[in-house]
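As a plain string of letters, each chain reads:
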Amino acid sequence: MPRTLDDARRWSRIGTELLVKAAQFDEAGYAAPSLLPGWSRAHLAAHVAANAEALANLVHWAATGEPTPMYASPEERLAGIERGRALPAAELTDWLRESAAALERGTAALGEERWRTPVVTAQGRTVPAAEVPWLRSREVCVHAVDLANGVTFADLPSDFLTALCEDVVAKRSAVPGPALSLRAPGAAWELPGTGEPVLVEGELADLAAYLTGRGDGPGAPAPTLGTWL
Ligand code: ZN
């Protein structure tokens, strides 16, 4: 069943809750590494907070018709992360919480007919504004795991994990790579590619971790697919 706007808004709220709860760090906690190579938890928290503000720009665009890109430039995006990670721990956590709340308020106030407004993502894709809650739910849910403070893919809603796997499989199908057969209880995907399909079998949470480059191939040894989000 295709995901709906209400699904994505629910996942976004659940992911935000998990993320903010996991991010009650002091200075030393924020300085520790996240699961993302080269990034401390502070880098990651600043990235997620800046992402909320960037997506709020798209909601503003949809609400007013005035084109407001996510980031003014790639340099501005990086500068925001650098500024944020240098904040005192309590201020960084506040920014994470308040930026998420502001995005939620903007989203809640958007009139139904406005969700179809075309907006442009940071990757240059033109999508209806209704994709914004989905983009946000991916960020908060997956990065809640990346904070490396106890949240795992198994803590995420299973319908979110299904939508996440479908999203990655659709993207991966467009790029060359090894053929994969993905199997989880109640779910199966075929990823076209080179060679005999490699069977990757496990729980839905394991497949989602694997497909997003966050875990080894469950079951059979399989080629790594690299990071994605
Ligand atoms: Zn991200």
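Provided above is the structure to which this section pertains.
Every chain's residues receive numbers from 1 upward, in the order its sequence appears when written. The predicted origin of the model limits local features to residues at a pLDDT of at least 70 and limits the giving and counting of side-chain atom pairs to 80 or more, whereas totals for whole chains, interfaces and linings rest on all residues. Each side-chain value is derived from all of the structure's non-hydrogen atoms; neither hydrogens nor water enter the calculation.

Q: Which parts of the structure should I look at to understand the pairing of strand 3 (residues 178–184)?
A: Note on strand geometry: in a regular strand, side chains alternate between the two faces of the sheet. Per-residue accessibility, obtained with a 1.4 Å probe over protein chains only, is compared with the maximum for each type, and a residue is labelled buried under 20%, exposed over 50%, and partly exposed between these values. Strands here are runs of E lasting at least two residues and helices are runs of H or I lasting at least four, both read from the DSSP assignment and numbered beginning at the N terminus. Most of strand 3 is tucked away, with 5 of its 7 residues classed as buried. Only strands joined by at least two bridges in the DSSP assignment are considered to pair. Two strands pair when backbone bridges link them, and strand 3 and strand 5 (residues 194–201) are joined in this way by 5 bridges, in the parallel orientation. Opposite Pro178, over in strand 5, you have Thr194 as the bridge partner. Across 5 bridges, the pairing between strand 3 and strand 4 (residues 187–191) is antiparallel. By the bridge assignment, Leu180 is partnered in strand 4 with Leu191. Following strand 3, the chain reverses through 2 residues before pairing antiparallel with strand 4; Gly186 in that reversal takes a positive phi of roughly 80 degrees.

Q: Where do I start with the coordination of the zinc ion in this structure?
A: The textbook angles at a metal center are 109.5 degrees for a tetrahedron of four donors and 90 or 180 degrees for an octahedron of six. Counted as coordinating are nitrogen, oxygen and sulfur atoms within 2.8 Å of the metal, or 3.2 Å for Na, K and Ca, while water is not included, which may make sites look incomplete. Within the protein, the atoms that donate to the zinc ion are His47 (NE2), Glu139 (OE) and His143 (NE2), at distances of 2.1 to 2.2 Å. Here the donor residues of the zinc ion share one chain and are spaced in sequence as H-x91-E-x3-H. With Glu139 and His143 both in helix 6 (residues 132–146) and 4 residues apart, this pair spans about one turn of that helix. Considered together, Glu139 and His143 belong to a single accessibility category, that of buried residues.

Q: Would you take a moment to explain the nonpolar core for this structure?
A: One recurring pattern in soluble globular proteins is that nonpolar side chains are buried together. Ranked by internal contacts, the top residues of the largest apolar core, which has 51 residues, are Tyr30, Phe153, Phe160, Leu161, Leu182, Trp189 and Leu211. Secondary-structure elements contributing two or more residues to this core are helix 1 (5–22), helix 3 (41–64), helix 5 (89–109), helix 6, helix 7 (158–172), strand 3, strand 4 and helix 8 (204–211). How far each domain reaches was decided by an automatic or database domain assignment. Built from parts of two domains, this core gets at least three residues from each of domain 1 (5–151) and domain 2 (158–211). If sequence neighbours within four positions are ignored, Phe153 has contacts with Val142, Val145, Leu161, Leu164, Ala205, Ala208, Ala209, Thr212 and Arg214. To qualify as a nonpolar core, a set must consist of buried Ala, Val, Leu, Ile, Met, Phe, Trp, Tyr and Cys residues joined through side-chain atoms within 4.5 Å. By definition, residues are in contact when any of their heavy atoms lie within 4.5 Å.

Q: What exactly am I supposed to notice about unusual backbone geometry here?
A: Peptide bonds are mostly trans, and most non-glycine residues show a negative phi. Even without glycine at this site, Ala148 takes up a positive phi of about 60 degrees. If you trace the backbone, Ala148 turns up in the loop between helix 6 and helix 7. According to the relative accessible area criterion, Ala148 is partly exposed, its value standing at 29%.

Q: Just to check I follow, could you spell out the packing of aromatic side chains for this structure?
A: Aromatic ring pairs are defined here through the distance separating the ring centres and the angle between the ring planes. Two rings belonging to Phe, Tyr or Trp (six-membered ring only in the last case) form a pair when the distance between their centres is within 6.5 Å. Interplanar angles under 30 degrees mark stacking, angles over 60 mark edge-to-face geometry, and anything in between is tilted. Within the structure shown, the criterion is met by 4 aromatic pairs. Consider the rings of Phe25 and Tyr30, whose centres lie 5.2 Å apart with planes at 70 degrees: the pair is edge-to-face. On the basis of relative accessibility, which here comes to 11%, the residue Phe25 falls in the buried class. We classify Tyr30 as buried; its relative accessible area is 3%. Seen in terms of ring centroids, Trp134 and Phe160 are 5.8 Å apart; in terms of plane orientation they differ by 50 degrees. Their pairing is tilted. Here the residue Trp134 occupies a position in helix 6, and Phe160 occupies one in helix 7, the gap between them amounting to 26 residues. The same class applies to Trp134 and to Phe160, which are both buried. Linked through ring pairs, Trp11, Trp134 and Phe160 together constitute an aromatic cluster.

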